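# Fold and geometry: a report
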Amino acid sequence: MFKNVGIAGAGQMGRGIAEVCARAGLAVTLYDISDDVAAGALAAVDASLARAEQRGTIGAAEREQALAAIRPTGDISQLADADLIIEAATEREDLKIALFRQLDEVAAPSAVLASNTSSIPIARLASATRRSEHVVGLHFFNPVPRMPLVEVIRALRTSEATVAAVREFAVDVLGKTVINAQDRSGFVVNALLVPYLVAAIRMLEAGHATAEDIDTGMTAGCAHPMGPLHLADLIGLDTVAAIGEAMYDEYREPLYAPPPLLRRMVESGLLGRKTGQGFFAY
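Presented here is a report on the structure given in the accompanying data block. (Residues numbered from 1 in each chain as written. Predicted model: local features only at pLDDT ≥ 70, side-chain atom pairs only at ≥ 80, totals over all residues. Heavy atoms only, no water.)

## Some details on the side chain of Asp32
- Within the secondary structure, Asp32 is located in the loop between β2 (27-31) and α2 (35-55).
- Despite its burial, Asp32 pairs with no opposite charge, the nearest such side chain being Arg15 at 7.4 Å.
- A distance of 2.7 Å separates a polar side-chain atom of Asp32 from the backbone nitrogen of Ala10.
- Filtering out sequence-adjacent residues up to four positions away, Asp32 remains in contact with Gly9, Ala10, Gly11, Val37, Ala38, Thr73 and Gly74. (Helix = DSSP H or I, 4+ residues; strand = E, 2+ residues; numbered from the N terminus. Buried < 20%, exposed > 50% of the residue type's maximum accessible area, 1.4 Å probe, protein only. Lys, Arg positive; Asp, Glu negative; His and termini not counted. Salt bridge = Lys/Arg side-chain N within 4 Å of Asp/Glu carboxyl O. Polar contact = N/O pair within 3.5 Å; in protein donor to acceptor, adjacent residues only side chain to side chain. Contact = heavy atoms within 4.5 Å.)

## Notes on the environment of Ser34
- Along the chain, the position of Ser34 falls in the loop between β2 and α2.
- Its relative accessible area of 26% is what places Ser34 among the partly exposed residues.
- On a C-alpha basis, the gap between Ser34 and Thr73 in space is 6.9 Å, while along the polypeptide they are 39 residues apart.
- Those residues within four positions of Ser34 in sequence are excluded, and the remaining contacts are Thr73 and Gly74.
- There is a polar contact of 3.1 Å between the side chain of Ser34 and the backbone nitrogen of Val37.

## Digging into the pairing of strand β6 (residues 135-140)
- Across the 6 residues that make up β6, a large majority, 6, are buried.
- On β6, burial covers both faces: Val135, Gly137 and His139 on one face and Val136, Leu138 and Phe140 on the other are all buried.
- Bridging between strand β5 (residues 112-115) and β6 involves 3 bridges; their strand directions are parallel. Residue pairing in the sheet places Leu113 in a bridge with Val135 of β6.
- Direction of pairing for β6 relative to strand β7 (residues 149-153): antiparallel, over a ladder of 4 bridges. Looking at the pairing, Leu138 lines up with Val152 of β7. (Pairing = 2+ DSSP bridges.)

## Some remarks on helix α9 (residues 228-235)
- Every buried residue of α9 is listed here: Pro228, Leu229, Ala232, Asp233 and Leu234.
- Check the buried side of α9 and you find it contacts α1 (12-23), α7 (189-205), α8 (211-222) and α10 (237-251).
- Positioned one or two residues after α9, Gly236 has a phi angle of 110 degrees, which is positive.

## What to know about the packing of α9 against α10
- Here α9 crosses α10 at 95 degrees, and the two axes come no closer than 5 Å. With respect to α10, the axis of α9 lies roughly perpendicular. Between α9, through Ala232, Asp233 and Ile235, and α10, the contact on the second element is made entirely by Leu237, Thr239 and Val240.
- Each residue belonging to the contact of α9 with α10 can be placed in one class, and the counts come to 4 nonpolar, 1 polar and 1 charged. (Axes fitted to C-alpha atoms, helices over the stretch in contact; angles between N-to-C directions. Parallel < 35°, antiparallel > 145°, perpendicular 65-115°, else oblique. Nonpolar A, V, L, I, M, F, W, Y, C, P; charged D, E, K, R; others polar.)

## A word on the packing of aromatic side chains
- On inspection of all chains with the given rule, the structure shows 2 aromatic pairs.
- With centroids separated by 5.7 Å and ring planes inclined at 80 degrees, the aromatic side chains of Phe2 and Phe169 adopt a geometry described as edge-to-face. In this pair, Phe2 sits in the segment before β1 (4-8) while Phe169 sits in helix α6 (residues 160-173), placing the two residues 167 residues apart along the sequence. Of the two residues, Phe2 and Phe169, neither departs from the other in class, the shared state being buried. (Phe/Tyr/Trp six-rings, centres within 6.5 Å; stacked < 30°, edge-to-face > 60°.)

See below:
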């Protein structure tokens, strides 16, 4: 079983994965491009743990132990001791492939490399390494500490032992619910979700309804906990666009292609909650 976990990428998803691993009693190394970025990520994890303590889901001692279990670093070589490294970089194929090449160089030969990608085929990432049998998809959902699901994606050359190990890790150590997904862009959840989000954006773009009415229609009419445009803002409009591009590249189906409104918003830096403005203001 994995004991030392490395997280490569300290953005929103990487921080969340680091938090759940630390709360599970694991030693965590949280890597990003600089010590300052990694330290800032640790501060964000501390704030998340504080909120969990306020909700009563963890105690003060558990919060302190979890925070102490995370070591932030801007030096990728510090991941050398990890027996599982989870890549959580920005959803750009070129960045992820370059990072996988680096991780393959620094990781122990027996270490498993997992990707938290939302849409990029795992075989494509594995091809950047010399350990395809030890590369797997391990896709968490945002916010990681509160969302129970993890998708496990096996590429063509991923070994049965690797799949079994990451499933056991996700279920028995992290307490997550696991579903298996084929190595196809979008996997299970995003293959269903992204066309829905994109359809809502097209509806808004065409003037069929306001953003408020679209979301109210789905919350009050279909009992969804969140409307599609609020959900797109939560995910990040740049991430939604990147997933849509990757899925369109894979399937060539127009329903996956990001519409012009989404592209213009991303180009304008209107990315949703993380920038304070998307389809709604935050």
